[in-house]
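What the coordinates show
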Amino acid sequence: MNMKGTGILVDETTFDMQTDIVYDKNLIVQGPLIGNSTHQDQAFILYLYPGEWKEFPTLGVGIGDARLDEDWLGWRQRIRIQLENENFAIKDLEFNNINKLTIDADYNS
């Protein structure tokens, strides 16, 4: 079974772990929310700068720097390379200005 795309979910604005604590008597039987993390994984790849994730020092696009740059083709290539390195099959990737970023990608089966 392919577990890529399944993980602990985080809040989109605070990046805090999403939880739904459920108790059975004095035991916690449910805590972190687990679900489809495909878009969340893509967002982390986009926002991380290379070197920020110590276990994977080459992972990350650092998209925050794109607004200071006009090399849209270069940024699109960086995004494509990073997503493909993380086993995403890219159907469509459009990035032609800071207000227009479209990614249609899913994990390879």
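Residues numbered from 1 in each chain as written. Predicted model: local features only at pLDDT ≥ 70, side-chain atom pairs only at ≥ 80, totals over all residues. Heavy atoms only, no water.

1. Things to note about unusual backbone geometry
Here is the rule we go by: Numbering of helices and strands runs from the N terminus, with a helix taken as a DSSP run of H or I at least four residues long and a strand as a DSSP run of E at least two residues long.
Located in the positive-phi region is Phe 15, a residue other than glycine, with phi close to 65°. Relative to the elements of secondary structure, Phe 15 occurs in the loop between strand 1 (6-8) and strand 2 (19-24). Unlike most non-glycine residues, Lys 25 shows phi in positive territory, near 60°. Of note, Lys 25 is situated in the loop between strand 2 and strand 3 (27-32).

2. Re the packing of aromatic side chains
Under the convention used in this document: Paired rings are identified among Phe, Tyr and Trp, the last through its six-membered ring, by centres lying within 6.5 Å, and are further divided according to the angle between planes into stacked (under 30 degrees), edge-to-face (over 60) and tilted (the rest). Think of it in three bands: residues with accessible area under 20% of the maximum for their type are buried, residues over 50% are exposed, and the middle band is partly exposed, with areas taken using a 1.4 Å probe on protein chains only.
Under the defined criterion, the tally for this structure stands at 4 aromatic pairs. Measuring from centroid to centroid gives 6.0 Å for Trp 53 and Phe 56, while their planes differ by 75°, and the two rings are edge-to-face. When its relative accessible area of 35% is taken as the criterion, Trp 53 is described as partly exposed. Given a relative accessible area of 46%, Phe 56 falls into the partly exposed group.

3. Description of the pairing of strand 3
Keep this limit in mind: Two strands pair under a simple rule: DSSP has to find at least two bridges between them.
The pairing of strand 2 with strand 3 spans 4 bridges and is antiparallel. Looking across to strand 3, one finds that Val 22 is bridged to Gln 30. Between strand 2 and strand 3, which follow one another and run antiparallel, lie 2 residues, and Lys 25 among them has a positive phi close to 60°.

4. What to know about the nonpolar core
The cut-off we apply is this: Definition of nonpolar core: a set of buried residues of the types Ala, Val, Leu, Ile, Met, Phe, Trp, Tyr and Cys, connected through side-chain atoms within 4.5 Å. Two residues form a contact once any of their heavy atoms are found within 4.5 Å.
Grouped together as the largest cluster of nonpolar side chains are 16 residues, with contacts concentrated most on Val 61, Ile 63 and Ile 79. Put simply, the parts of the chain that give this core at least two residues each are helix 1 (38-47), helix 2 (72-85), strand 5 (88-97) and strand 6 (100-107). The leading source of residues in this core is strand 5, at 4 residues. If we ignore the near neighbours within four places in the chain, the residues touching Val 61 are Ile 45, Leu 46, Leu 48, Trp 75, Arg 78, Ile 79 and Gln 82.

5. Considerations on the environment of Pro 57
Among the structural elements, Pro 57 can be located in the loop between helix 1 and helix 2. Sequence separation between Pro 57 and Ile 28 is 29 residues, and the spatial gap between their C-alpha atoms is 35 Å. Setting aside residues no more than four positions away along its own chain, Pro 57 makes contact with Pro 50 and Gly 51.

6. Structural notes on the pattern of salt bridges
How we decide: Salt bridges are identified by distance alone: a Lys or Arg side-chain nitrogen within 4 Å of an Asp or Glu carboxyl oxygen.
If you walk through the whole model with that rule in mind, you get 1 salt bridge. For Arg 80, the salt bridge identified is with Glu 84, shortest N-O distance 3.9 Å. Of this pair, Arg 80 and Glu 84 both sit in helix 2, separated by 4 residues, roughly a single helical turn. Residue classification places Arg 80 among the partly exposed positions, given a relative accessible area of 27%.

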